[in-house]
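Here's the letter readout for the chains.
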Amino acid sequence: MRRTALSLVLAPAAVALALAAPARADVPETVAKVILPGYAGFARATQDLATTAATDCTPEALRAPWNAAFDAWLGVQHVHIGPAEEDGRALAIAFWPDPKNIGGRQTEAMLQGADPALVTPEGAAQLSVAARGLFGLERLLYGPASDTNPAYACDLRRALATDLARMAQTIEAGWKDGFAETVLSAGAPGNTTYLSAAEARQALFTQLIAGLEFNADTRIGRPLGSFDHPRPERAEARASGRSLRDVALSLKALRAYAGALVQGLGPIPATEAAFDRAETLAAKLDDSVFAGVADPGRRLKVEILQQAIKATRETAETEIGALLGVRSGFNSADGD
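About the thresholds
- Residues numbered from 1 in each chain as written.
- Predicted model: local features only at pLDDT ≥ 70, side-chain atom pairs only at ≥ 80, totals over all residues.
- Heavy atoms only, no water.
- UniProt positions renumbered as here; feature names shortened; annotations may be inferred.
- Axes fitted to C-alpha atoms, helices over the stretch in contact; angles between N-to-C directions.
- Helix = DSSP H or I, 4+ residues; strand = E, 2+ residues; numbered from the N terminus.
- Parallel < 35°, antiparallel > 145°, perpendicular 65-115°, else oblique.
- Left-handed = near helix turned anticlockwise from the far one by under 90°.
- Contact = heavy atoms within 4.5 Å.
- Nonpolar A, V, L, I, M, F, W, Y, C, P; charged D, E, K, R; others polar.
- Phe/Tyr/Trp six-rings, centres within 6.5 Å; stacked < 30°, edge-to-face > 60°.
- Buried < 20%, exposed > 50% of the residue type's maximum accessible area, 1.4 Å probe, protein only.
- Lys NZ or Arg CZ within 6 Å of the ring centre and 35° of its normal.

As annotated in an unreviewed UniProt entry, the protein chain carries the name Signal peptidase and comes from Paenirhodobacter hankyongi. Among the UniProt annotations of the protein chain, the heading Subcellular location (unreviewed entry) holds the following wording: "Cell envelope".

Q: Describe the packing of helix α3 (residues 26-55) against helix α4 (residues 59-74), and please don't skip the residues or the numbers.
A: Relative to each other, α3 and α4 sit at 165°, their axes nearing to 8 Å. In terms of orientation, α3 lies roughly antiparallel with respect to α4. Relative to α4, the crossing made by α3 is left-handed. Contacts between α3 and α4 involve Tyr 39, Gly 41, Phe 42, Ala 45, Thr 46, Leu 49, Thr 52 and Ala 53 on the former and, on the latter, Ala 61, Leu 62, Pro 65, Trp 66, Ala 68, Ala 69, Ala 72 and Trp 73. The class makeup of the residues in the contact of α3 with α4 is 13 nonpolar, three polar and no charged.

Q: Which residues make up the packing of aromatic side chains, and what values go with them?
A: If you walk through the whole model with that rule in mind, you get seven aromatic pairs. Relative to Trp 73, the ring of Phe 42 lies with its centre 5.1 Å away and its plane at 45°, an arrangement referred to as tilted. One end of the pair, Phe 42, is in helix α3; the other, Trp 73, is in helix α4, and 31 residues separate them in sequence. Neither residue differs from the other here; Phe 42 and Trp 73 are each classed as buried. Relative to Phe 135, the ring of Phe 70 lies with its centre 5.5 Å away and its plane at 85°, an arrangement referred to as edge-to-face. Taken together, the positions of Phe 70 in helix α4 and Phe 135 in helix α8 (residues 133-142) put the pair 65 residues apart, joining distant regions of the chain. A relative accessible area of 4% means that Phe 135 is categorised as buried. Among the aromatic residues, those joined into a ring-pair cluster are Trp 66, Phe 70, Phe 135 and Tyr 142. It is Arg 242 that lies over the ring of Phe 70; its NZ or CZ is 4.3 Å from the centre.

And the structure:
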């Protein structure tokens, strides 16, 4: 049999299962062409970050590879099933929102205490999720916290970068070495995670809907606050200036994910049009950290973007849900 793209990335048993039902390419397409490459890209980006940190742990050296790692994470952040959720890895990679600034307080305490045990690979892995990952590094790359103890801050950056790369590699391996087959073998004897192919499709579909909700309600909703009480300081990754970029990259990733979900099932013109509108609005918005939410005129543009993302979610739930045969009205926050 001629080797396909699936056979390059999936275990042989998973490939056989994927190819056994060519009429439905939705789940295999999503796993093979979106999820697995996405986590592989995240693993590479975080390893680049850790490699750089090993030789130069200054903010100037690490900001570019940190941003590249964050970009890669946005390609898969919405996939909240399997290895990413085990042992709280997704939270440790990106603990946000943090309304009580737990991570900030813990970072400051670590810098003041300067415990050498915390900057070892073992020590970093035991830190609170609020102090680790992309946001733990953001505080040390863009915030004033590292001024407390510059030498220790450098060691801490190196430890957190290594910890992040380890988590990314563990997730990638978890998908390649087992969970991909779990998804693709839904309904097979012995598969206790997904008792039917419909369960697997719904689990993947839920990630799409939840990802769109997170962009509208959290990434944009938190800084919007209310008209009388806007909260621009609550924007994601505000210190690094990438709040809007996170929304734009997430929309791009979710669109690719949506396309894979319906591969071979039919067109999704309404969903594509909704994504077009949301992505165009994001590209035209000249407000990288949503600072304009406090100004009525500029706030309206952010609200319109939020409404467009909500409309994309509603359209996708109806149009894609119908193609997948997913029941309407499920709670996307449930995860499956």
